[in-house]
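Structure at a glance
Single-letter residue listing:
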Amino acid sequence: MQLSDFDFDLPDDRIALRPVTPRDAARMLLVSKGSPLRDLTVADLPAQLRAGDVLVLNDTRVIPARLKGRRVREGSNVAVEATLHKRLSPSRWSAFMKPGKKLAPGDRVRFGSTDDRACLLGALDATVIEKGEGGEVTLGFDLAGPDLDAAIAERGAMPLPPYIAAKRGEDAQDRADYQTVYADEEGSVAAPTAGLHFTPRLLDELKAMGVTLQFVTLHVGAGTFLPVKTENLSEHRMHAEYGEVDAATASALNAAKAAGGRIVCVGTTSLRLIESATGEDGVVRPFAAETAIFITPGYRFRATDGLMTNFHLPKSTLFMLVSAFAGLETMRAAYAHAIADGYRFYSYGDASLLWRAN
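Just so it is clear, the structure is predicted and the values come from calculations on it, not from any experiment.

A few words on the environment of leucine 213. Along the chain, leucine 213 turns up in strand S12 (residues 212-218). Each C-alpha atom, one on leucine 213 and one on valine 109, is 43 Å from the other, the two residues being 104 residues apart in sequence. With residues near it in sequence (within four places) discarded, leucine 213 still touches Leu55, Leu57, Leu203 and Lys207.

Next up, the structure:
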């Protein structure tokens, strides 16, 4: 298939800059191939599920991964910005940096304020180790482990998606808004945004009706925002992200399927991880590795029956994924309806509940 197959016109005013309050008051479009579209809210989710179903949620926690600093080189001092992408070791991160052309291996970068260098913990200095072909820069920090984590938490800002950051700056409210209520395992530099719609009350209601909650962890990298640059999709290479499905979760998912329950993934990150952990025989197995699975129409889904997800960018790998799941023509019609009816798009936007087409 071609990249142009997944293009559509999206008015700029459909991009949500803030989430709705409360979280589960967001709209939710019900999409099932061969059935009329239905306009619901996230609070209506329990009525669309049944006892024995399993919701799979990604419990990754977003870190304040956007860092501003200065490249310090003898005779010059240049402002730079890093978005941490993937942890490589206790002291090293892969990052996307602007302006990348101003950096060379061996350069020193000083993040945060340079006024007060008295507190060692407050210092956040790094050396450029190498530059990758895809634009990534490997940073070797002077700090490591928990000390590095604390300094990043102090100096960093929440890494709002580019389509929000271009319109407004990050603020204190984003520290809460851009995090799921069940976030636990630190490591993401982008939120698993379908999960932002859940409230403690909604989770309790789902559990009370017999829906099981299972948590997996996939650390979302900044590569999730990179555009597809090849017209021929077979030439595109997905960014890799680390994920874990433990043995207890795999066993619970297999048991639920065997008993007639449905696996409903909350977010494309959960779906990509579950599909990576599932064999051709449909059995979910423990998984702890990087996945670069690229799902486009024609993919045969192994485990996932339903998907709750937000509305995605034109020509994005995520729109390709939902088109593979619910059908390309079905999703074109669903997105046309959402745009015409004022649904809010992207990370802080509204949701959709999709049922697998086949």
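From this point on, the discussion continues.
Once that is clear, we can look at the nonpolar core. Note that soluble globular proteins tend to have their nonpolar side chains buried in a common cluster. Residues Tyr178, Met331 and Phe345 are the most contacted members of the largest nonpolar core, which totals 59 residues. The element that contributes the greatest number of residues to this core is helix H8 (residues 317-326), accounting for 7 residues.

It is worth spelling out the layout of surface pockets at this point. Taken as a whole, the second largest pocket holds about 420 Å³ of empty space. Around the second largest pocket, the lining comprises 24 residues; the ones closest to its centre are Ile63, Arg87, Trp93, Glu186 and Gly187. Broken down by secondary-structure element, the contributors of at least two residues to the lining of the second largest pocket are strand S4 (60-62), strand S6 (76-87), helix H2 (145-155), strand S11 (185-188) and strand S13 (241-245). In terms of residue count, H2 provides more of the lining of the second largest pocket than any other element does, 4 residues in total. Class assignment for the residues of the lining of the second largest pocket results in 11 nonpolar, 5 polar and 8 charged. Residues lining the lining of the second largest pocket come from more than one domain, with at least three contributed by each of domain 1 (3-62 + 175-355) and domain 2 (66-157).

With the rule as written, the count across this model stands at 1 cavity of 30 Å³ or more. In this structure, the largest cavity occupies an estimated 70 Å³ of space.

Its domain assignment divides the protein chain into domain 1 (3-62 + 175-355) and domain 2 (66-157). Centre-to-centre separation of domain 1 and domain 2, based on C-alpha positions: 32 Å. Tallying the contact residues gives 8 residues for domain 1 and 9 residues for domain 2. A combined buried area of about 630 Å² lies between domain 1 and domain 2, and 55% of that area is made up of carbon and sulfur atoms. For the pair domain 1 and domain 2, the interface holds 1 salt bridge.

Next up on the list: the packing of aromatic side chains. Summed over all chains, the structure comprises 15 aromatic pairs. Ring geometry for phenylalanine 8 and tyrosine 335: centres 5.3 Å apart, planes at 75°, overall edge-to-face. Of this pair, phenylalanine 8 sits in the segment before strand S1 (27-32) while tyrosine 335 sits in helix H9 (residues 328-340), and the two are 327 residues apart along the sequence. For the pair phenylalanine 8 and tyrosine 335, one class covers both residues: buried. Relative to tyrosine 346, the ring of phenylalanine 345 has its centre 6.0 Å away and its plane inclined at 85°; by these criteria the two rings are edge-to-face. No difference in accessibility class separates phenylalanine 345 from tyrosine 346, as the two residues are buried. In this structure an aromatic cluster arises from ring pairing among Phe6, Phe8, Tyr163, Phe311, Phe319, Tyr335, Tyr343, Phe345 and Tyr346. Its guanidinium or amino end placed over the ring of tyrosine 343, arginine 27 lies 3.9 Å from that ring's centre, counting from NZ or CZ.

Read across the open sheet, the 9 strands follow the order S2-S1-S17-S16-S14-S3-S12-S13-S15; overall the sheet is mixed. Looking at strand neighbours, the two that pair on one side only are strand S2 (38-41) and strand S15 (287-291), the edges of this open sheet. This sheet shows a mean twist of 25° between the axes of neighbouring strands, independent of strand direction. The pairing of strand S3 (residues 54-58) with strand S14 (residues 263-266) spans 3 bridges and is parallel. Note on S14: the bridge partner recorded for leucine 55 is valine 264.

Moving on to the pairing of S1. Judged from the 4 bridges that link them, S1 and S2 form a sheet pairing that is antiparallel. From the neighbouring strand, methionine 28 faces S2, where its bridge partner is leucine 40. Two successive antiparallel strands, S1 and S2, enclose a turn made up of 5 residues, where glycine 34 displays a positive phi of approximately 90°. Two strands pair when backbone bridges link them, and S1 and strand S17 (residues 351-355) are joined in this way by 5 bridges, in the parallel orientation. Looking at S17, one finds that methionine 28 is bridged to alanine 351.

Cut-offs and rules
- Residues numbered from 1 in each chain as written.
- Predicted model: local features only at pLDDT ≥ 70, side-chain atom pairs only at ≥ 80, totals over all residues.
- Heavy atoms only, no water.
- Helix = DSSP H or I, 4+ residues; strand = E, 2+ residues; numbered from the N terminus.
- Contact = heavy atoms within 4.5 Å.
- Core = buried A, V, L, I, M, F, W, Y, C linked by side-chain atoms within 4.5 Å.
- Buried < 20%, exposed > 50% of the residue type's maximum accessible area, 1.4 Å probe, protein only.
- 1 Å grid on protein atoms, 1.4 Å probe; cavity = no way out; pocket = protein on both sides within 12 Å on 5 of 7 lines; lining within 4 Å.
- Points joined across faces, edges and corners; volume = space filled by probe spheres on them.
- Nonpolar A, V, L, I, M, F, W, Y, C, P; charged D, E, K, R; others polar.
- Domains from an automatic or database assignment.
- Buried area = accessible area lost by both parts, 1.4 Å probe.
- Salt bridge = Lys/Arg side-chain N within 4 Å of Asp/Glu carboxyl O.
- Phe/Tyr/Trp six-rings, centres within 6.5 Å; stacked < 30°, edge-to-face > 60°.
- Lys NZ or Arg CZ within 6 Å of the ring centre and 35° of its normal.
- Pairing = 2+ DSSP bridges.
- Axes fitted to C-alpha atoms, helices over the stretch in contact; angles between N-to-C directions.

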